[in-house]
Amino acid sequence: MTTSFAKNMYQADLVKYYDVMHQHRNYCQECNFVNQLIHRYCPGTTQVLDIGCGTGEHAVRMAQRGYTVTAIDTSQDMIALAQEKAQKAGVTIDFQCTDIQSLSLTEGFQAIYALGYTFLYMTTYADIMSFLTASYQALQHQGVFLVDFINGWSLIDQYPRDKFVYHRGNTTIFCFHQASLKKPERVKHIEFYYVISDHDGQVKTIFTEEDLRIFFDDEVQLFFTHCGFEQVTSFRDYSFETPQSGHDGSIILVVGQKY
Ligand SMILES: C[S@@+](CC[C@H](N)C(=O)[O-])C[C@H]1O[C@@H](n2cnc3c(N)ncnc32)[C@H](O)[C@@H]1O
């Protein structure tokens, strides 16, 4: 049995299990929805930027749809997995290991998206502003920006403590996590403990922790507007259905356009 501590989920020890733990995700539905919104806001889009591309599930599907995709992530380990998928799918993607906050692109893209809750890692007001401002600057005139995150109403109540078991092939992952709320910062601090049994017959334990910011729909729309985006609106759970209340839906997608 080996034991290790990972600074976050996107470091070597845990990265290769990311797709096992995210196998419930419907990436096709997410890409279909994003594609429809890109057509609605910025028809004729060819150049897109994927922020926090992770293991590349969206980037590869968007490239297969004919977009020219640039995909960035701060984790070289996540990018390495994404590169393998792109190669297998026979698509070319410009992967860059960089932080959106230090991205110095200006006016290159017609659409930019950050999916899979990457935005939750922007835990301070300064992070949020530099994330939105860098994205705004990297967009062409009339370009569209899409960001998803867990509905704050769900995140506050979810995960006080919980456990999950994931299986795929010969891999079994047991995960226990417990959270505390840093009230003034409106940040959820979550500690994770994994026991992983892999195809090599080895069992390992890994500890990690994360800070995730609690965001609400109208709050994020306000941040978008403050950073210059117009036509700002939101959708719930990757659907065009109108929510009955702010509590509805566990995933919010906020969309804005650069004018
Ligand atoms: C929850 S994962 C989402 C991955 C992928 N988009 C998905 O939907 O599965 C968040 C990703 O964002 C990356 N990330 C976090 N902060 C970032 C930043 N400031 N700039 C670029 N990537 C970042 C992490 O390394 C991680 O791969």
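Only a predicted model underlies this, so the values are computations on that prediction, with no experimental measurement involved.

Engineer: Whenever I open this one, the sheet that holds strand E6 (residues 139-150) confuses me. Can you help?
Structural biologist: Strand pairing in a sheet takes place through backbone hydrogen bonds and is either antiparallel or parallel in direction. Spatial ordering of the open sheet is given by E4-E3-E2-E5-E6-E12-E11, a layout of seven strands whose pairing is mixed. Every other strand in the sheet has two partners, leaving strand E4 (94-97) and strand E11 (229-236) as the edge strands with one partner each. Across the sheet, the mean angle from the axis of one strand to that of its neighbour is 15°, orientation sign disregarded. The sheet contact formed by E11 and strand E12 (residues 251-258) spans six bridges and is antiparallel.

Engineer: Got a minute to help me understand the environment of Leu-253 in this structure?
Structural biologist: Within the fold, Leu-253 resides in strand E12. Residue classification places Leu-253 among the buried residues on the basis of 24 C-beta atoms within 10 Å. Separated by 17 residues in sequence, Leu-253 and Arg-236 have C-alpha atoms that sit 6.3 Å apart. Leaving out residues up to four positions away in the same chain, Leu-253 has contacts with Leu-146, Asp-148, Ser-234, Phe-235 and Tyr-238.

Engineer: Just to check I follow, could you spell out the pairing of strand E7 (residues 161-168) for this structure?
Structural biologist: Along any regular strand, the residues point their side chains to alternate faces of the sheet. Burial analysis of E7 places just zero of its eight residues in the buried class, a small minority of the element. Of the strand pairs in this sheet, E7 and strand E8 (residues 171-182) are connected by eight bridges, and their pairing is antiparallel. What sits directly across from Asp-162, in E8, is His-177. Once E7 ends, the chain turns through two residues before running back antiparallel as E8, passing Gly-169 with a positive phi of about 55°.

Engineer: Mind showing me how you'd approach the pairing of E6 here?
Structural biologist: Most of E6 sits out of view: nine of its twelve residues are buried. Summarising the sheet, strand E5 (residues 109-114) and E6 pair through five bridges and their orientation is parallel. Note on E6: the bridge partner recorded for Tyr-113 is Leu-146. Considered for its hand, the β-α-β crossover made up of E5, helix H6 (residues 125-138) and E6 is right-handed. When E6 meets E12, the two strands line up antiparallel, connected through seven bridges. What sits directly across from Val-147, in E12, is Val-254.

Engineer: I would appreciate a short explanation of the site of the ligand in the present structure.
Structural biologist: If you check the shell around the ligand, you find 20 residues, and the closest are Tyr-10, Gly-52, Gly-54, Ser-75 and Gly-116. Among the residues making up the shell around the ligand, the classes are represented as nine nonpolar, eight polar and three charged.

Engineer: Got a minute to help me understand unusual backbone geometry in this structure?
Structural biologist: The phi torsion of most residues other than glycine is negative, and most of the peptide bonds are trans. Phi is positive for Gln-142, close to 70°, though the residue is something other than glycine. Its place among the elements puts Gln-142 in strand E6. Judged by the 16 C-beta atoms lying within 10 Å of it, Gln-142 is partly exposed. At Asp-237, a residue that is not glycine, the phi angle is positive and equals roughly 50°. Within the secondary structure layout, Asp-237 lies in the loop between E11 and E12.

Rules behind the numbers
Residues numbered from 1 in each chain as written. Predicted model: local features only at pLDDT ≥ 70, side-chain atom pairs only at ≥ 80, totals over all residues. Pairing = 2+ DSSP bridges. Helix = DSSP H or I, 4+ residues; strand = E, 2+ residues; numbered from the N terminus. Axes fitted to C-alpha atoms, helices over the stretch in contact; angles between N-to-C directions. Buried ≥ 20, exposed ≤ 12 C-beta atoms within 10 Å, placed from the backbone. Contact = placed C-beta atoms within 7 Å. Right-handed = clockwise from strand over helix to strand, strands pointing away. Near = placed C-beta within 6 Å. Nonpolar A, V, L, I, M, F, W, Y, C, P; charged D, E, K, R; others polar.

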